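# Observations on chain architecture
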Amino acid sequence: MLPYSMLLLFFVAIAAVRSAEHRSSDWDIKSTEMKKGDKANLKLYYESLCPDCVDFQIQRLDPLLKEIGSYIDLKLYPYGKAKRHEKNGKTVITCQHGEEECYGNKLHACAIDKLKDIYKAAHYITCMMNGTWGGDGSTDKDATKCGDQMKIDSKPIKKCAKGDKGEELLEYYGKETDKVKFRNVPYVLINEEEFEMFEDLKKKICETLKNPPPQCKTKELMNILSSILSNIL
């Protein structure tokens, strides 16, 4: 049987790790201010109705932003594998998953433009992509419901998506996306280097930081503690 003192020490260590893992965002923001410039640059190229993009945004990126978002310089490019061509002197954009996706991309682009806060926009976009209110997500209904939930006025965002501004933004993201060569989405660059989707996103971000926060060390510590426990049991 494991000695009581050793068992107690083990659980104290776990509690300490958990405490670091759940530090408030206020602590994280203050810590970032003390270490200005120590951020990982993350660019995400995606499209609103791509199942893999939806999964990446909801399951991987959004939780990471909530945990160490202040250590990430985030840029989103809602365009994906859409195509542009000229017709009668106008630019026409065709999206991989049809007109619904083009409109969803515009909603995302307009959210980024109107909210002027990429992290707030990213959480709002994740909510829209979730499809909580039926359908595939990133519709006017999703924009409205997510706006109500997050206390965001969705009216200017929807107006933008339906008007010339939405078209302009989509074209802008198309031109920016064309500068990068990729075969599939989501496509991620971390400090301008391609991120492989099988990699651990949090670990990759943490490895780029000169002064990583305690949240970067919790998973490693948990693995070490688990290994120790398995060896002594």
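In this report, we go over the structure that sits alongside the text. (Residues numbered from 1 in each chain as written. Predicted model: local features only at pLDDT ≥ 70, side-chain atom pairs only at ≥ 80, totals over all residues. Heavy atoms only, no water.)

### Quick notes on the pairing of strand S5 (residues 187-190)
Neither face of S5 is left uncovered, since the one carrying Tyr187 and Leu189 and the one carrying Val188 and Ile190 both have all their residues buried. Bridge count between strand S1 (residues 40-46) and S5: four bridges; the pairing is antiparallel. Looking at the pairing, Leu42 lines up with Ile190 of S5. Of the strand pairs in this sheet, S5 and strand S6 (residues 193-195) are connected by three bridges, and their pairing is antiparallel. When the bridges of S6 are listed, Val188 appears paired with Phe195. Connecting the antiparallel pair S5 and S6 is a turn made up of two residues, with Asn191 showing a positive phi of about 50°. (Buried < 20%, exposed > 50% of the residue type's maximum accessible area, 1.4 Å probe, protein only. Helix = DSSP H or I, 4+ residues; strand = E, 2+ residues; numbered from the N terminus. Pairing = 2+ DSSP bridges.)

### Observations concerning the packing of aromatic side chains
Any pair of aromatic rings gets described here by the distance separating the centres and the angle formed by the planes. Following the criterion strictly, the structure yields six aromatic pairs and no others. Centre to centre, the rings of Tyr45 and Phe182 are 6.0 Å apart; their planes meet at 40°, and the pair counts as tilted. With Tyr45 in strand S1 and Phe182 in the loop between helix H8 (164-178) and S5, this residue pair connects regions lying 137 residues apart in the sequence. Like Tyr45, the residue Phe182 is buried in the burial classification. Ring centres of Phe182 and Tyr187 lie 5.2 Å apart, and the angle between their planes is 20°; on these two criteria the pair is classed as stacked. Through pairs of rings, three or more aromatic residues link up here, namely Tyr45, Tyr77, Tyr172, Tyr173, Phe182 and Tyr187. (Phe/Tyr/Trp six-rings, centres within 6.5 Å; stacked < 30°, edge-to-face > 60°.)

### Re the environment of Tyr173
Mapped onto the fold, Tyr173 is located in helix H8. Along the backbone, Tyr173 and Tyr79 are 94 residues apart, and their C-alpha atoms lie at a distance of 6.1 Å. Beyond its immediate chain neighbours, meaning those up to four positions away, Tyr173 contacts Leu76, Tyr77, Pro78, Tyr79, Ala109 and Ile112. (Contact = heavy atoms within 4.5 Å.)

### Overview of the state of the cysteines
Inspection of every chain in the model, using the stated rule, returns four disulfides. Put simply, Cys127 and Cys146 are joined by a disulfide, and their sulfur atoms are 2.1 Å apart. Taking the sign of the S-S torsion, about -90° here, the bridge from Cys127 to Cys146 comes out left-handed. Of this pair, Cys127 sits in helix H5 (residues 118-129) while Cys146 sits in helix H6 (residues 140-150); the two residues are 19 residues apart in sequence, bridging distant segments of the chain. On the accessibility criterion, Cys146 (0% relative accessible area) is buried. Two residues share a disulfide in this structure: Cys206 and Cys216, whose sulfurs sit 2.0 Å from each other. Its S-S torsion of about -80° marks the bond between Cys206 and Cys216 as left-handed, since a negative value means left-handed. You can see Cys206 sitting in helix H9 (residues 201-208) and its partner Cys216 sitting in the loop between H9 and helix H10 (218-232), a full 10 residues away along the chain. Of the two residues, Cys206 and Cys216, both sit in the buried class. Here the protein chain pairs its bonded cysteines, counted in sequence order, in the arrangement 1-2, 3-6, 4-5, 7-8. (Disulfide = S-S within 2.5 Å.)

Everything listed here is a matter of coordinates, which is why it stays silent on function.
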